[in-house]
Amino acid sequence: MKKSSLLAIVLAVVVAILLAATACGDDDDDSGADGGAAPEGPTITIRGQDFSEAETIAEVYAQYLQAKGYDIEILTAAGFRAEAVDGIRNGDLDLIVDYIGGSQTELRPDEDTSASPDDVISVITPAYEEIGATVLDYSPAVDGDALVVRGDADAEKISDLVGKNFAFGASAQCYERPQCFIGYTAPDVYGIEFGEEKTIEFGPLLGEALKAEEVDAVVWNTTAPQIEAEGFKVLEDDKGLHPAQNIAPIINTETLDAYGDTLSSDLNALSAAISTEDLLQWNTETDINKRESDDVAAEWLEAESLT
Amino acid sequence: MSGIQVQGSAVSRDVGLWEWFSNPETWTSERGILPSLLDTLTLCAGVMVVAIMIAVPLGASLAHKRKGEITATGVVNIGRALPTFAVAGLLVPISLRQGWGFEPWPIFIALTLLAIPPIYLNTYTAVRQSNSGAVEAARAMGFSERDVLFRVELALGAGLILAGIRIAAVQVVATEPIRAYLGGDGLGRYVRDGLGQNNQTLLIGGAILVAGLATATGLLMGLGERLVLPEGVRRLRVSQSRTV
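Residues numbered from 1 in each chain as written. Chains lettered and ligands numbered in written order. Predicted model: local features only at pLDDT ≥ 70, side-chain atom pairs only at ≥ 80, totals over all residues.

Visitor: Explain the overall build of chain A to me, and be specific about the residues and the numbers.
Guide: Across its full length, chain A holds twelve helices and ten strands. Here chain A, with 307 residues, has 45% of them falling under the buried criterion. Across chain A, every contact between residues at least 6 apart in sequence was considered, and the portion connecting residues at least 24 apart equals 76%. (Helix = DSSP H or I, 4+ residues; strand = E, 2+ residues; numbered from the N terminus. Buried ≥ 20, exposed ≤ 12 C-beta atoms within 10 Å, placed from the backbone. Contact = placed C-beta atoms within 7 Å.)

The structure is reproduced here in structure tokens:
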């Protein structure tokens with residue numbers, strides 16, 4: 001008797017969860033069907049990287065395609081670049097949006113980097129082809145790496161940090177990258193010696209640490225809204241260490257072929273419409289005004305009449 | 001940028017787990033395992049001392065007076081439900097703005113809140129459920145209330161209290177690595193760097209270290225209990241914990 005009632009409770013819970021899950025699924029399908037003549041093809045799985053800008057970018061691409069009638073599955077943002085590239089490589093993901101210079105450091109870490117987006121694209125296009133993916137047109141929107149200091153710091157360019165013994169803060173990823181910590185400290189590049197090296201999660205905590213003078217220089221991104229809000233300054237990369245970091249969609253080639261030219265031209269049209277100012281505006285909404293990235297994405301798409 | 005040697009704290013992805021563990025540099029360098037372990041142990045020891053100083057007197061005195069059973073237990077159970085990472089994460093920006101830095105306060109407070117509930121509950125239970133015959137006999141023999149608490153209730157309940165401390169210590173040691181995500185280092189740095197740099201060696205090596213430390217803490221403290229407790233109290237603990 002006791003056993004069977006326990007079983008009934010467990011069953012009820014399972015059914016409730018399943019119902020809730022299918023209810024959510026229905027919502028997505030409904031919004032996807034609004035696009036009129038829906039393009040035929042496989043479901044496109046997309047996942048953003050786990051920081052607010054990448055999450056919003058993924059939402060923008062996913063909601064845009066969904067409104068066009070594509071069958072889209074958007075996964076919860078997780079991981080960073082390595083996980084995104086792995087997802088493309090093993091087929092878990094069909095579409096990722098990455099910063100092109102970052103893609104190069106992941107796939108071709110030993111090739112010289114360049115501040116010209118076309119040069120970077122010419123390196124990563126064959127690299128992505130090898131893992132069965134196609135790099136579509138890059139966007140004019142750039143979110144570059146930035147070595148950021150407090151406004152009152154006595155430095156304008158990165159090489160000014162030589163001999164200053166600054167405390168340095170960056171994410172764990174930075175410490176193994178030639179275009180980041182390794183480049184800043186290598187004698188044949190910047191040759192900076194930092195007084196202290198701290199690992200800080202990429203995101204708003206970097207700004208908090210800089211402001212609280214826990215560290216004196218942090219590796220952030222140029223579209224971090226706190227940089228202007230807190231009066232920080234971005235040091236000039238006078239030795240050209242940072243690569244071009246335009247955003248570009250990278251799509252599983254089989255998925256792309258299944259849809260034909262419509263998908264690539266749709267994606268290229270969207271990429272062309274996004275500007276660096278848009279990225280900054282999204283980040284202000286998500287990081288300063290603490291709004292959800294999917295709302296920010298939906299609002300922007302509507303304002304740009306893309307949905 | 002080819003030809004730049006990997007330096008700083010980075011470990012190449014090609015280095016195998018065994019190779020990493022068997023390299024003395026891994027253990028003794030400035031940011032190696034031993035300094036990180038010491039860092040972790042110092043913090044955890046501090047947390048445990050503070051948690052014990054709060055939870056044991058509180059639990060013992062309330063249980064002795066038979067007071068606040070429901071309120072105190074409720075409050076402690078809320079503490080139990082608090083996600084340690086969220087507490088520490090909330091405290092970090094506050095601490096930074098106050099000029100107290102990343103460490104140690106946010107993680108210290110969060111871990112102390114984690115450690116208090118098991119110690120408090122075991123202390124309360126130990127005193128509350130100590131053999132009433134022995135307590136009555138002590139009172140009849142003219143023991144003061146203070147003596148009843150210290151020489152009867154706490155003495156009889158020592159096993160259960162130590163078990164609570166052991167449980168709390170294992171939880172603290174196993175949770176402390178989250179501080180690597182809050183601007184700190186300690187043993188959790190390897191898991192953080194391994195995840196961040198997609199480096200399996202660091203990730204798995206770090207996980208082994210953290211799990212190993214938690215296991216060792218449990219075992220060593222269990223052994224310590226055996227050494228400290230008199231045979232009679234140890235037996236008592238078995239029958240007592242059955243009633244808990």
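Visitor: For the overall build of chain B, give the residues involved together with the corresponding values.
Guide: A count of helical and extended segments in chain B gives eleven helices and zero strands. The linear arrangement of helices and strands in chain B, starting from the amino end, is α-α-α-α-α-α-α-α-α-α-α. Each principal axis of the C-alpha distribution contributes one length, and for chain B these read about 85 × 40 × 25 Å. Among the 244 residues that make up chain B, the fraction classed as buried is 40%.

Visitor: So what's going on with helix α5 (residues 117-130) of chain A? Which residues, and what values?
Guide: Residues and elements named next belong to chain A. With 14 residues, α5 should cover 20 Å at 1.5 Å per step; its first-to-last C-alpha distance of 20 Å lies within 8% of that length. Elements that come into contact with the buried residues of α5 comprise α4 (100-107), β4 (133-135) and β10 (247-252). Directly beyond the C-terminal end of α5, a positive phi value near 80 degrees is found at G132. (Expected span 1.5 Å × (residues − 1).)

Visitor: So what's going on with the interface of chain B and chain A? Which residues, and what values?
Guide: In this complex, chain B contributes 22 residues to the contact, which on the side of chain A involves 26 residues. At the level of elements, α5 (84-97) and α9 (189-196) of chain B are the ones that each hand at least two residues to the side of chain B that touches chain A. A per-element tally of the side of chain B that touches chain A places α9(B) first, with four residues. When its residues are assigned to classes, the side of chain B that touches chain A shows eight nonpolar, ten polar and four charged. (Nonpolar A, V, L, I, M, F, W, Y, C, P; charged D, E, K, R; others polar.)

Visitor: Describe the environment of A141(A), naming the residues involved and giving the relevant values.
Guide: All names here are of chain A. Along the polypeptide, A141 turns up in the loop between β4 and β5 (145-149). A C-alpha to C-alpha distance of 7.2 Å links A141 and L279, two positions 138 residues apart in sequence. If sequence neighbours within four positions are ignored, A141 has contacts with N246, I247, I274, S275, T276, D278 and L279.

Visitor: I'd like a description of the domain arrangement of chain A, backed by residues and values.
Guide: All names here are of chain A. Split into domains, chain A comes out as domain 1 (34-142 + 246-303) and domain 2 (145-234). Each of domain 1 and domain 2 has a C-alpha centre, and these two points are 27 Å apart. Residue-level contacts link 13 residues of domain 1 with twelve residues of domain 2. In terms of residue count, helix α11 (residues 276-288) provides more of the side of domain 1 that touches domain 2 than any other element does, seven residues in total. Here the side of domain 1 that touches domain 2 is built from residues that sort into six nonpolar, five polar and two charged. (Domains from an automatic or database assignment.)

Visitor: Account for the confidence of the model for chain B, with residues named and values stated.
Guide: Residue and element names in this part refer to chain B. For chain B, per-residue confidence averages 88 on the pLDDT scale, and 93% of positions sit at 70 or higher. Across chain B, the secondary-structure element scoring lowest on mean pLDDT is helix α11 (residues 231-243), at 63, and the one scoring highest is helix α3 (residues 33-64), at 96. Counted against residues more than four places away or in other chains, residues 1-8, with its pLDDT under 50, gives 19 contacts. As scored by the predictor, the complex reaches a pTM of 0.78 and an ipTM of 0.78. (pLDDT = per-residue confidence, 0-100.)

Visitor: Explain helix α3 (residues 81-89) of chain A to me, using residue names and the numbers behind them.
Guide: All names here are of chain A. Taken together, the buried positions of α3 are A84, V85, G87 and I88. Seen end-on, α3 carries its buried residues on one side only, within an arc spanning 155 degrees. Buried residues along α3 sit against β1 (44-47), β3 (95-99), α4, β4 and β10. (Arc of directions from axis to C-beta.)

Visitor: I'd like a rundown of the nonpolar core, residues and numbers included.
Guide: Core analysis: the largest hydrophobic core is formed by 87 residues, its most contacted members being V148(A), V218(A) and I119(B). No other element matches helix α8 (residues 145-175) of chain B, which puts 14 residues into this core. Counting residues in each nonpolar core, the second largest holds 47 residues, with L93(A), I251(A), W282(A) and L301(A) among its members. (Core = buried A, V, L, I, M, F, W, Y, C linked by C-beta atoms within 7 Å.)

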